[in-house]
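Single-letter residue listing:
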Amino acid sequence: MRWQVILPKAFTIAGLLGMATFEWGAPETLRITAGAVVLWGPFALLMSLWLRPGVPDAGERLALSVVGSYAMTALVFFGLAVCELESLFPWVQVAAVSTAVACKPWRESIRASMERWRHLKWDWCLTALVVATLLVSTRYREPFERNTSDGSRHFRLYQDQTYHAAMTYELQRHIPPLQRASCAGSPERAYHLFPHINTLLLGTYGNQPDMLRTQATWSFVVMTVILCTCLHFTVRAVTGSSPAGWLAVSRSEEHTSELQS
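Residues numbered from 1 in each chain as written. Predicted model: local features only at pLDDT ≥ 70, side-chain atom pairs only at ≥ 80, totals over all residues. Heavy atoms only, no water.

For the peptide bond that leads from Ile-175 to Pro-176, omega is -5 degrees, which places it in the cis range. Mapped onto the fold, Pro-176 is located in the loop between helix H7 (160-173) and helix H8 (193-205). In this structure, Glu-84 takes a positive phi of about 60 degrees despite not being glycine. Summarising the element assignment, Glu-84 is placed in the loop between helix H3 (58-82) and helix H4 (89-102). Here Asn-207, not a glycine, exhibits a phi torsion of approximately 55 degrees, which is positive. Mapped onto the elements, Asn-207 comes out in the loop between H8 and helix H9 (211-239). (Helix = DSSP H or I, 4+ residues; strand = E, 2+ residues; numbered from the N terminus.)

The next subject is the side chain of Ser-65. One can find Ser-65 in helix H3. The buried category is assigned to Ser-65, whose relative accessible area is 1%. Among the polar contacts made by the side chain of Ser-65, one reaches the main-chain carbonyl oxygen of Arg-61 at a distance of 2.7 Å. Apart from residues lying up to four places away in sequence, Ser-65 is in contact with Ala-44, Met-47, Ser-48 and Leu-51. (Buried < 20%, exposed > 50% of the residue type's maximum accessible area, 1.4 Å probe, protein only. Polar contact = N/O pair within 3.5 Å; in protein donor to acceptor, adjacent residues only side chain to side chain. Contact = heavy atoms within 4.5 Å.)

Have a look at this one:
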């Protein structure tokens, strides 16, 4: 293989192993990853099949499908929860997968898609840039720092992170939330709901009860991957150039580094 492939591949593997070993922990990483696939996979599958005629490029279709699934998952769960039918949500996911498997035109689409995926070349440069962005933004995924002299812990993130975690706990109790986390007795504003519904679901599906960690760590990781991937494929679709997409992601990484410093 050429060095252009070997270098980003080696960096990606080393970066992921480092984060999974030292920052996230291997068991938690596997648990959350599996939960994320089960959570967003069904609707992403449906959207990928719907988008196939209009979006022939597999990478662009995957990025759009994941973003669409992220939004649809929160919307469907919210609608069911308002009607006190949230227990039906897993069955809606099963129905989504069953529909894709049962419909003959979609079965043919799946077979055709599988053939395309077999010949798909993995974009290791994009993957390496996403991992680099995660490494640069590590500072914003560590809620506490420990004082080695007395063992005390100090909160180091922006204060809104605790507010967002509190809203997620409130969503666990009732959807829509009965009150604001910062103002008891006042109803929460509607536009605050949907990102935290996904945090709630990710914590549930990934068996992570600590919503502050789910919010500050795993929701941050998910959004970083989604934003970098969508930015790359959007720029690539507009310019017709993969290097332009890589440059756009690297610029976003540079801005993240500037914010951190």
